[in-house]
Amino acid sequence: MTQAPDLAPPPTLEVRGGRKNFGAVHALRGVDLVARAGEVTALVGDNGAGKSTMIKCVAGIYAFDAGEVLFEGEQTHISAPADANALGIEVVYQDLALCDNLDIVHNMFLGRELKNGFRLDESAMETRAAEVLASLSVRTVRSIRQHVASLSGGQRQTVAIARAVLWNSKLVILDEPTAALGVAQTEQVLQLVRRLADAGLAVVLVSHNMNDVFEVADSINVLYLGQTAAQVRTKDTSRMEVIELITSGSAGMPPGTVAPKMSPDAPERSATSVASATATTSDAPTTTNGSTSA
Amino acid sequence: MSTSTVPSAPTAPSLLAGSVEQPTFGEAVSSYVSRVRGGDMGSLPAILALAVLTLAFVIMKPETFASALNIANLFQQGAVVVTIAMGLVFVLLLGEIDLSAGFTSGACGAVLATCLVVYDWPWYLALAAALVTGLVVGTILGTLVARVGIPSFIITLAMFLALQGVVLLIIGAGGNISITDPVIIALQNRNVPPLLGWALAIIAVLAYAGTSLRTWQLRRKRGLLAAPLGMVVLKIVALGAVVLAMVAVLNQERSLNPLRTSIIGVPIVVPLIVTLALILGFVLTRTAFGRHIYAVGGNTEATRRAGINVKGVQTACFMICSSMAAIAGVLAASRATSVDPNAGGSNVLLYAVGAAVIGGTSLFGGKGRIIDALIGGAVIAVIDNGMALLGYSSGIKYVVTGAVLAAAAAVDAVSRRRARATGRG
């Protein structure tokens, strides 16, 4: 714990007051997120709360209409997937991420193949893929030349995650990585998620599953109807509180939170509590709500 | 354990590389058998069909079917269908189809003939004009499918009709343009000198042996999974035997009247097709572009999210397909030494689609190889040729070819279902 705020490194990703409209539909009405290196930040919320829209905005599939995005303290604008990749942001989607008809190596290098002139450098890719899988302590796949179609759900997630860390990425966003998995496989994937954070990456974990969230997350960000209800430290909160935030957008003040502030464009909601998500107590509150109005 | 660890890996050797258990010959065979049973059959049904059909025709018509004259004939008859089929593999891999490829070949043949005969251009300019025509057709199709979003079935059907009209307009109803240019005619009617044929064959076999042994050695050295040496050698020996036997047969005198004209040597079209197949096969399996084609056919959305220009890949595949059709059109014109308004019509397209599918290319996209087009094309050529020798009418030939195509599509669908059940995609 440091007392000097200047010495704390800026968070890997910080979103302030992000807004996104689809025509008349206000999908995001002021979202804030802080993701720090070496931590797992869970992004939770009910269906339609805006989790997917938010990660798509960070990934560059959509662009925020308003609000600020800071990457490692620098103001940045992400308007295409290539921008996000250039910054070191990788997204592991829940599905649609792998090609069944290609093997593990091909999938891991898809779109960024190693080449030797015109030719693909197959052995270099195979060696590198094996190294990455080994560094993640993945020992569950038999051969990295088997087709992805023959893998179990957990193994597929593993390949997708390994692909994300192949590129010296700084921020990995995982969209419901355990949604379709059994108990043992969920455990494997969660351990992998934890290892990513321990290796110094910032990890954002989108999940519905409170067990998962409380098992691996250091910090929990709750979305409610397109707004950030709160971002709290996992150790300072409880399951009940988070569920209350998810379902009603407010909760009894958890310890260490900042005073709730009324959202300018959502006066109907009584108390939108905003929590400091910082690792150090001396950091300024980083998630203030609704910084812009419609 | 039979290998060393990865020299470059600083970390502890993983289970995945460096210390892989290299399979023995027996293990490799049994893993292949289990792959086939799991639904990953590749070209196996087509090779079996080819063997059975060949055997049947040889038994029924020993003196004509297996003669050197007829074998050379088979290559020349199959060339057009195989060339279109090789191009179609690219489009089929995307999960799309090009129904206009037949008439694209016809239109390009008509352009070639017109340039040669009507405008009196030299053969290379006329050839270039035909290829550019194919490229333009492919660009139009690719753009309409990838960027406008018209289903390929519909837009290529429209192009099929339109190009049929174009051929009619160029040549005129009931018309016929005869080609006399010696270079164009040589493509399908002349042969490689016997000595050169031997030299090419030996170079090809040695090159294959060299590259496959070198790949094997490199993979062993790096500690990556490699096929057992016995398997590699077996493949080299098998390929060498087939190639050299073919050259030996084709280098025999096959003229019906050797005193007047001598017909000897490998038809020129054979090395031409082999070269095209090697180039296209290289593109598909050894380049990033080829990898992206498979990826689009496997999962378009994942490919897009991987940052690959999906529309560009789709457009390029249609351009390749139509360009191959253009080459086929030139070969057809060369074989017939003329172009008529029905060029590229009737069964050409369906035979080509049939060749690719019979060879093992999936109609659902994401699965297929260039060799599929060659093997499937051989099956179709053998049926067509053998049944004609047996004196069956065209009607029966169509029925049998249709039945074979239906059987191939059924094998594709069933093996796909089985592959999904056993998780082999």
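Keep in mind that what you see is a predicted model, and the values were worked out from it rather than measured. (Residues numbered from 1 in each chain as written. Chains lettered and ligands numbered in written order. Predicted model: local features only at pLDDT ≥ 70, side-chain atom pairs only at ≥ 80, totals over all residues. Heavy atoms only, no water.)

Colleague: Go over the sheet that holds strand 5 (residues 74-76) of chain A, please, and point to the residues and values.
Modeller: Residue and element names in this part refer to chain A. Strand order in the open sheet formed by four strands is 2-1-4-5, and the pairing between neighbours is antiparallel. Each edge of the open sheet carries a strand with a single partner, namely strand 2 (25-35) and strand 5. Taking the axes of each pair of neighbouring strands and ignoring which way they run, one obtains an average angle of 30° across the sheet. Looking at chain direction, strand 1 (residues 13-22) and strand 2 are connected through eight bridges and run antiparallel. Each bridged residue has a counterpart across the sheet, and for arginine 19 the counterpart in strand 2 is arginine 29. Across the face of the sheet, helix 1 (residues 51-59) comes into contact with strand 1 and strand 2 while running at roughly 65° to strand 2. (Pairing = 2+ DSSP bridges. Helix = DSSP H or I, 4+ residues; strand = E, 2+ residues; numbered from the N terminus. Axes fitted to C-alpha atoms, helices over the stretch in contact; angles between N-to-C directions. Contact = heavy atoms within 4.5 Å.)

Colleague: Describe the interface of chain A and chain B, naming the residues involved and giving the relevant values.
Modeller: Contact with chain A, which involves 35 residues of that partner, is made by 34 residues of chain B. Of the roughly 2900 Å² buried where chain A meets chain B, counting both sides, 60% is carbon and sulfur surface. The interface formed by chain A and chain B includes two salt bridges. Counting residues per element, the ones that place at least two in the side of chain A that touches chain B are strand 8 (119-120) and helix 4 (122-135) of chain A. Top contributing element to the side of chain A that touches chain B by residue count: helix 4 of chain A, with nine residues. (Buried area = accessible area lost by both parts, 1.4 Å probe. Salt bridge = Lys/Arg side-chain N within 4 Å of Asp/Glu carboxyl O.)

Colleague: How would you explain the environment of A:Pro81 if you had to name every residue and give the values?
Modeller: Residue and element names in this part refer to chain A. Mapped onto the secondary structure, proline 81 falls in helix 2 (residues 81-87). For proline 81, a relative accessible area of 39% translates into the label partly exposed. In the structure, proline 81 is positioned ten residues away from valine 91 in sequence and 9.7 Å away in space, judged by C-alpha atoms. Leaving out residues up to four positions away in the same chain, proline 81 has contacts with Ala59, Gly60 and Ile61. (Buried < 20%, exposed > 50% of the residue type's maximum accessible area, 1.4 Å probe, protein only.)

Colleague: So what's going on with the sheet that holds strand 3 (residues 40-45) of chain A? Which residues, and what values?
Modeller: Residue and element names in this part refer to chain A. In space, the six strands of this open sheet follow the order 6-9-10-3-11-12, with mixed pairing throughout. The strands lining the two open edges of the sheet, one partner per strand, are strand 6 (89-92) and strand 12 (227-233). Direction aside, neighbouring strands of the sheet carry axes that sit 20° apart on average. Here six bridges tie strand 11 (residues 219-224) to strand 12, and the two strands are oriented antiparallel to one another. Residue serine 219 lies in a different strand from strand 12, and its bridge partner there is arginine 233. Its contacts with the sheet put helix 5 (residues 153-165) on strand 6 and strand 9 (171-175), and the angle it makes with strand 6 is roughly 170°.

Colleague: Break down the pairing of strand 9 of chain A for me, with residues and values.
Modeller: Residues and elements named next belong to chain A. Counted residue by residue, strand 9 has five buried out of five residues, so it is predominantly covered. Side-chain alternation along strand 9 places Leu171, Ile173 and Asp175 on one buried face and Val172 and Leu174 on a second face that is also buried. In the sheet, strand 6 pairs with strand 9 via four bridges, with the strands oriented parallel. Looking at strand 9, one finds that valine 91 is bridged to isoleucine 173. Alignment of strand 9 against strand 10 (residues 202-206), held across five bridges, turns out to be parallel. Paired with valine 172 across the strands is valine 203, a residue of strand 10. On the question of chirality, the crossover connecting strand 9 to the parallel strand 10 by way of helix 6 (residues 183-198) is right-handed. (Right-handed = clockwise from strand over helix to strand, strands pointing away.)

Colleague: Got a sec to walk through the confidence of the model for chain B? Specific residues and values, please.
Modeller: Caution applies to low-pLDDT parts of the model: their predicted coordinates are not meant to be read in detail. All names here are of chain B. With 93% of its residues at a pLDDT of 70 or more, chain B shows a mean pLDDT of 86. Looking at the elements of chain B, mean pLDDT is at its lowest for helix 1 (residues 25-37), recorded as 75, and at its highest for helix 6 (residues 123-148), recorded as 96. Note that residues 1-19 has pLDDT below 50 and, in this model, 37 contacts with residues that lie over four places away or in other chains. Of the two predicted TM-score estimates for the complex, the pTM is 0.83 and the ipTM is 0.81. (pLDDT = per-residue confidence, 0-100.)

Colleague: Got a sec to walk through the pattern of salt bridges? Specific residues and values, please.
Modeller: Here the idea is simple: oppositely charged side chains can pair when their charged atoms come close. Evaluation of the coordinates by the stated rule reveals 19 salt bridges over all chains. Notably, a salt bridge pairs A:Asp198 with A:Arg194, separated by 3.3 Å at the nearest N-O pair. Here A:Arg194 and A:Asp198 lie together in helix 6, a separation of four residues that amounts to about one turn. By relative accessible area, A:Arg194 is classed as partly exposed at 22%. The salt bridge partner of B:Lys397 is B:Asp384, with a shortest N-O separation of 3.6 Å. You can see B:Lys397 sitting in helix 17 (residues 394-422) and its partner B:Asp384 sitting in helix 16 (residues 370-389), a full 13 residues away along the chain. Residue B:Asp384 is classed as partly exposed on the basis of its relative accessible area, which comes to 22%. Connected through shared salt-bridge partners, A:Asp103, A:Glu122, A:Glu126, A:Arg145, B:Arg219 and B:Arg291 make up one network.

Colleague: Lay out the layout of surface pockets in plain terms, naming residues and giving numbers.
Modeller: The rolling of a water-molecule-sized probe over the atoms marks out the regions of remaining empty space. All names here are of chain B. Roughly 640 Å³ of internal volume is contained in the second largest pocket. At the level of secondary structure, the elements contributing two or more residues to the lining of the second largest pocket comprise helix 4 (68-93), helix 5 (101-118), helix 14 (310-336), strand 2 (338-339), helix 15 (348-359), helix 16 and helix 17. Here the lining of the second largest pocket is composed, by residue class, of twelve nonpolar, 15 polar and four charged. (1 Å grid on protein atoms, 1.4 Å probe; cavity = no way out; pocket = protein on both sides within 12 Å on 5 of 7 lines; lining within 4 Å. Points joined across faces, edges and corners; volume = space filled by probe spheres on them. Nonpolar A, V, L, I, M, F, W, Y, C, P; charged D, E, K, R; others polar.)

Colleague: Give me the lowdown on the packing of helix 4 of chain B against helix 11 (residues 269-286) of chain B, citing residues and values where you can.
Modeller: Residues and elements named next belong to chain B. Contact geometry of helix 4 with helix 11 gives a least axis separation of 10 Å together with a crossing angle of 10°. The angle between helix 4 and helix 11 places the two elements in the roughly parallel class. Contact residues: helix 4 offers Phe75, Gln76, Ala79, Val82, Thr83, Met86, Val89, Phe90 and Leu93, while helix 11 offers Val269, Val270, Ile273, Leu276, Ala277, Leu280, Val283 and Leu284. Grouping the constituent residues of the contact of helix 4 with helix 11 by class yields 15 nonpolar, two polar and no charged. (Parallel < 35°, antiparallel > 145°, perpendicular 65-115°, else oblique.)

Colleague: Tell me what's going on with the packing of aromatic side chains, and back it up with residues and numbers.
Modeller: Two measures describe an aromatic ring pair: the distance that separates the ring centres and the angle between the ring planes. Summed over all chains, the structure comprises five aromatic pairs over all chains. Residues B:Phe57 and B:Phe65 carry aromatic rings whose centres are separated by 5.4 Å and whose planes lie at 40° to one another, so their mutual orientation is tilted. Ring geometry for B:Tyr119 versus B:Trp121: centroids 6.2 Å apart, planes at 40°, classification tilted. Stacked on the ring of A:Tyr93, the Lys or Arg B:Arg305 has its end atom at 4.0 Å from the ring centre. (Phe/Tyr/Trp six-rings, centres within 6.5 Å; stacked < 30°, edge-to-face > 60°. Lys NZ or Arg CZ within 6 Å of the ring centre and 35° of its normal.)

Colleague: Break down the environment of A:Ala160 for me, citing the residues and quoting the values.
Modeller: Residue and element names in this part refer to chain A. As for its placement among the helices and strands, alanine 160 is situated in helix 5. The sequence separation of alanine 160 and aspartate 95 amounts to 65 residues, and the corresponding C-alpha distance is 9.6 Å. Not counting the four nearest positions on each side in its chain, alanine 160 is found in contact with Val92 and Leu98.

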